[in-house]
Amino acid sequence: GAHVIVGTPGRVMDHMRQGYLNLEGIRTLVLDEADEMLNMGFIESVEAILSATPTERQTALFSATLPARIRALAARFMRDPQAVSVKRETMTVKATEQRYYLVHESDKLNALTNLFEMESMTSVLVFARTRAETTRLASELSLRGFPSEALNGDLEQNARERIAPTSSQAFATT
């Protein structure tokens, strides 16, 4: 009876196998991070899920890159797919500076601390690989004197809104 279902390919497949999830009536299907699903070995699960949905559904496929396997998936499961790309010059706001540094895993916290001490920044968004890492990183930065909050999928919406960037804070997010 749900109107929206959000799940990883493996979890959706589990519910389908157990008979808890029937996709025959689905009208819209969104595949987010399709290239990452391919890299993580979920392509077979995605194909099985797509096969269990009606052919007349609307499908949106979001992907940072379009490797041949993703294009083949789109050609096989989508009707008249249209590619939409964002021009590189419109990807960031001019007032936002983006940087990256290659550092050893064990040196990341010290590198961030040094960067925050040497640079004048009003707010910082730091991406981490996992939810647990966002929490650990925000805690460590706070202990070092940099007001920080973890922003990840474990937070309730009201907590996310409370954390919204306002002043000189560092944010660790997945």
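Residues numbered from 1 in each chain as written. Predicted model: local features only at pLDDT ≥ 70, side-chain atom pairs only at ≥ 80, totals over all residues. Heavy atoms only, no water.

A few words on the overall build of the protein chain. Within the protein chain, the secondary structure is distributed over seven helices and five strands. Ordering the α and β elements of the protein chain from the N terminus gives α-β-α-α-β-α-α-β-α-β-α-β. Classification of the 174 residues of the protein chain by burial places 28% in the buried group. Sequence separation of 24 or more characterises 59% of the internal contacts of the protein chain that already satisfy a separation of 6 or more. (Helix = DSSP H or I, 4+ residues; strand = E, 2+ residues; numbered from the N terminus. Buried < 20%, exposed > 50% of the residue type's maximum accessible area, 1.4 Å probe, protein only. Contact = heavy atoms within 4.5 Å.)

Contact pair helix α5 (residues 108-118) / helix α6 (residues 131-143): the axes reach a minimum separation of 11 Å and the direction vectors enclose 45°. In terms of orientation, α5 and α6 fall into the oblique class. For the pair α5 and α6, the crossing hand works out as right-handed. Mapping the contact onto sequence places L109, L112, T113 and F116 in α5 and L137, E140 and L141 in α6. Considered class by class, the residues forming the contact of α5 with α6 number five nonpolar, one polar and one charged. (Axes fitted to C-alpha atoms, helices over the stretch in contact; angles between N-to-C directions. Parallel < 35°, antiparallel > 145°, perpendicular 65-115°, else oblique. Left-handed = near helix turned anticlockwise from the far one by under 90°. Nonpolar A, V, L, I, M, F, W, Y, C, P; charged D, E, K, R; others polar.)

With that settled, the discussion passes to the pattern of salt bridges. The full count for this structure, using the stated rule, is five salt bridges. Among the charged side chains, a salt-bridge network with shared partners connects R11, D14 and R17. (Salt bridge = Lys/Arg side-chain N within 4 Å of Asp/Glu carboxyl O.)

Attention shifts here to the packing of helix α1 (residues 9-17) against helix α3 (residues 43-51). How two helices sit against one another is set out by the angle between their axes and by the gap between those axes. The geometry of α1 relative to α3 is characterised by a closest axis approach of 9 Å and an angle of 45° between their N-to-C directions. The orientation of α1 with respect to α3, classified from their angle, is oblique. Judged by the twist between their axes, the crossing of α1 over α3 is left-handed. Here α1 contributes P9, V12, M13 and M16 to the contact with α3, which in turn contributes S45, V46, A48 and I49. Across the contact of α1 with α3, the residue classes tally to seven nonpolar, one polar and no charged.

L29, L31, A34, M37, L38, I43, V46, L50, I70, L73 and F77 form the largest nonpolar core, which has 11 residues in total. Breaking this core down by element, the ones donating at least two residues are β1 (28-31), α2 (34-39), α3 and α4 (68-77). Aside from chain neighbours lying at most four places away, what touches I70 is A34, D35, L38, I43 and L61. Core analysis: the second largest hydrophobic core is formed by eight residues, L112, F116, V126 and F146 among them. (Core = buried A, V, L, I, M, F, W, Y, C linked by side-chain atoms within 4.5 Å.)

Now for the environment of V6. Counting through the fold element by element, V6 comes out in the segment before α1. V6 sits in the exposed class, given a relative accessible area of 78%. Sequence separation of V6 and L31 is 25 residues, and the distance between their C-alpha atoms is 10.0 Å.

In this section: α1. All of the buried residues in α1 are P9, V12 and M13. Take α1 and look down its axis: the buried residues cluster within an arc of 100°, on one side only. For α1, the secondary structure elements touched by its buried residues are α2 and α3. Looking one or two places after α1, you find G19, whose phi comes out positive at around 80°. (Arc of directions from axis to C-beta.)

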